Every structure is written in structure tokens, then in C-alpha cells.
Amino acid sequence: MVASPVHSQSVIPVRDSTQAIAHPEQAVIAQAPNLAKAFQESGVDGSIIIYDKNRDRFYEHNPTRNATAFFPASTFKILNALISLETGVIRDDLAILTWDGVQREIPAWNRDTNLRQAFKDSTVWFYQVLARRNGHEQMQKFVEQANYGNRQIGTLDQIDHFWLEGPLQITPKQEIEFLQRLEQNDLPFSKRTIDLVKDIMIVEQTPDYILRGKTGWATEVSPGVGWLVGYLEQNNNVYFFATNIAMSNIEDAPKRLHLTRRSLKTLGLL
């Protein structure tokens, strides 16, 4: 499932700049800043793809991996939150769900929590409850309308884990396309829902920029797959990114943000 490492990088000018959503597979490849260096120095097998909205071009390292489908893991919490707010199974970002008392491996998960905090802590059980409350038919409908990944959520009994162990899969390129639609308010959700999820996604905010994102860690494969997807708003521009790495243990978790930040800095950002 995990692509073989291909240590290359490219800038990809988009052929048709009139398209609402830019698609990397339709692009022309040219040379770019050396995004591979951060991965090589960190000893990480992985990839990153960045889309510059104003300049209408892609930058990427490891194109083969960027076109490979993986389980979205907790990056799916972005869409799960959108669906759950829209359907009303959760009222808002502060409505609390009661912890079931089951001790889980991450201490932050072992407590009552709300949508906003569960997003930050990546609390799996919370979003599993939301998926069950939405139900299979409703979840399938919105996954298809959002054109998310391969759009497959499996059978009724997979309703609370299809993003963790399949059949749902998504490529880094597809993550970028989904994030573009989110930023442009071009998803089948109300403005209130989209604005709330965008606010929940904020990782860092300064007078100079806003960084939004969501991590993920797919542990049902070996090695595991670590994600960080999101977008940076800076200098009246938007830069979408999807970072994907081989992640064997929790000690690798900080590398997702580290590699993303280094890559953005290579482009003269942050």
C-alpha cells in the first residue's frame, strides 16, 4: 500500500487556470525548490504536495506517493465534522458527548469532550459516535457529494471505522482537491457549518498568517501512515498542503508538522 520512495520534486503549472479546482494529474511538470532535503535530513520516507492558489501551481516531493491512495485516518475528521454539524447530530462545537468509561491509549481521550477539543486531541471514539448517529446512508451520501477519495465507506457494520482501516482511501492529491473545495465554500454544507469547521481547524494564528490543518495516523498498515493536511493563509494568498509519511510510532508524530513547516519555509513562507 505504501509507495516506494521517489526522491524528486517539481513545480506544476496548471494548464487550465479557469478550473475552479486545480488537478495535479492534468499539469505540466517543471523544476522546483528542493523539497526533498527536509525529508532526507529527517530520514523520513514520505511526500508533500503544495498548491499555490494565486500563482496556480503545484510544488511536490515524491510524486509517486502523492498519487498513491492511503486510509485517511483522522484527516477524515474534517468531513465527519462537516457532516455531523450539517445533519444536526451534534449541535455545535461545544456540545459535549459523555465518555463511555473505556480506557484508551491516549489519556486525553479518556474524558467527556466536545467537537472542538476532540478535533484537537484527535479523539477517535467521539467521531465514531458521530458516524454511527449519522448512519450509513447519510454518511455515504455526503462522502459522494464531497467527492472524497474513492468514496467507499463499506458495509453497515463498517460505519465507525471505514476511514481507519478501509475501504475509504484518499491520495495526497485528492486531499488537496477536497481542501480547495472547503476553502472556496464549494461543498454541500451551509456557510455556518463550513465557517465553524474552518475555525476548529486553526492550528496557529498570528498577525501575519493563519495555519489550518488536521493530523492523521493510519495504524492498520505497516509501516503506519502519518498525515498532516490543511492550508496556510498568508499575504492575501492560500497555500494548500498534504504531507504524508511512513510513521512507525508516536515518536514520529512531530515530524508531520516539522516537515510541513520546513517545506513551506523553502517556498519563502512562514
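Predicted model, so just to flag it, every value in this text is computed and none were measured.

Peer 1: Got a sec to walk through the overall build of the protein chain? Specific residues and values, please.
Peer 2: Secondary structure summary: the protein chain contains 10 helices and 9 strands in total. A burial count over the protein chain gives 56% of its 270 residues as buried. Within the protein chain, contacts between residues separated by at least 24 positions form 63% of all contacts whose residues are at least 6 apart in sequence. Working note: accessible area of the protein chain is about 11500 Å², and carbon and sulfur atoms make up 46% of it.

Peer 1: Please provide a residue-by-residue account of the environment of Ala81, values included.
Peer 2: Summarising the element assignment, Ala81 is placed in helix H3 (residues 77-87). Classification of Ala81 by relative accessible area gives buried; the value is 1%. For the pair Ala81 and Thr193, spaced 112 residues apart in sequence, the C-alpha to C-alpha distance is 8.6 Å.

Peer 1: With reference to specific residues and values, describe the side chain of Thr123.
Peer 2: Mapped onto the elements, Thr123 comes out in the loop between helix H4 (115-121) and helix H5 (124-134). The class of Thr123 is buried, set by a relative accessible area of 0%.

Peer 1: Tell me what's going on with helix H9 (residues 191-200), and back it up with residues and numbers.
Peer 2: Burial in H9 covers these residues: Thr193, Ile194, Leu196, Val197, Lys198 and Ile200. Where H9 is buried, its residues contact H3, H4, helix H8 (172-183), strand S6 (202-205), strand S7 (209-218) and strand S8 (224-234).

Peer 1: I'd like a rundown of the pairing of strand S9 (residues 237-247), residues and numbers included.
Peer 2: When you tally the buried positions in S9, you get 11 out of 11 residues, the bulk of the element. Alternating residues of S9 divide into Asn237, Tyr239, Phe241, Thr243, Ile245 and Met247 and Val238, Phe240, Ala242, Asn244 and Ala246, and every residue in both groups is buried. Pairing geometry for strand S2 (residues 46-52) and S9, over 7 bridges, is antiparallel. Considered in S9, the bridge of Gly46 is made with Ile245. Sheet analysis places S8 next to S9, joined by 11 bridges and oriented antiparallel. Bridge pairing in S9 places Gly224 opposite Met247. Hairpin connection, S8 to S9: the antiparallel pair is bridged by 2 residues, and Asn235 has positive phi, about 55 degrees.

Peer 1: Give me the nonpolar core: which residues, what numbers.
Peer 2: Ranked by internal contacts, the top residues of the largest apolar core, which has 61 residues, are Ile78, Leu79 and Leu82. Of all the elements, H5 adds the most residues to this core, at 7 residues. Setting aside residues up to four positions removed in sequence, Ile78 forms contacts with Phe119, Phe178, Leu179, Leu182, Val197, Met201, Lys214 and Val229. Within the second largest apolar cluster, 19 residues are counted, among which are Ala38, Phe39, Leu211 and Tyr239.

Peer 1: Describe the pairing of S2, with residues and values.
Peer 2: Across a regular strand the side chains alternate sides, sitting on one face of the sheet and then on the other. In terms of burial, S2 is largely enclosed, as 7 of its 7 residues are buried. Looking at chain direction, S2 and strand S3 (residues 57-61) are connected through 5 bridges and run antiparallel. Among the inter-strand pairings, Ile50 is bridged to a residue of S3, identified as Tyr59. Hairpin remark: S2 followed by S3, antiparallel, with 4 residues in the connecting loop; positive phi at Asp56, about 55 degrees.

Peer 1: Please provide a residue-by-residue account of the pattern of salt bridges, values included.
Peer 2: According to the stated counting rule, one finds 16 salt bridges in the structure shown. In this structure, Asp121 and Arg111 form a salt bridge, with 2.7 Å as the shortest nitrogen-oxygen distance. Of the two residues, Asp121 sits in helix H4 while Arg111 sits in the loop between strand S4 (96-97) and strand S5 (113-114), which places them 10 residues apart along the sequence. The exposure class assigned to Asp121 is buried, which follows from its relative accessible area of 17%. For Arg261, the salt bridge is made with Glu204, and the minimal N-O distance between the two is 2.8 Å. Residue Arg261 is located in helix H10 (residues 254-266), and its partner Glu204 is located in strand S6; the two are separated by 57 residues in the primary sequence. A relative accessible area of 21% places Glu204 in the partly exposed class. A cluster of three or more residues bridged by salt bridges with shared partners is formed by Lys37, Glu41 and Arg262.

Calculation rules
Residues numbered from 1 in each chain as written. Predicted model: local features only at pLDDT ≥ 70, side-chain atom pairs only at ≥ 80, totals over all residues. Heavy atoms only, no water. Helix = DSSP H or I, 4+ residues; strand = E, 2+ residues; numbered from the N terminus. Buried < 20%, exposed > 50% of the residue type's maximum accessible area, 1.4 Å probe, protein only. Contact = heavy atoms within 4.5 Å. Areas by Shrake-Rupley, 256 points an atom, 1.4 Å probe, with all protein chains shown as cover. Pairing = 2+ DSSP bridges. Core = buried A, V, L, I, M, F, W, Y, C linked by side-chain atoms within 4.5 Å. Salt bridge = Lys/Arg side-chain N within 4 Å of Asp/Glu carboxyl O.

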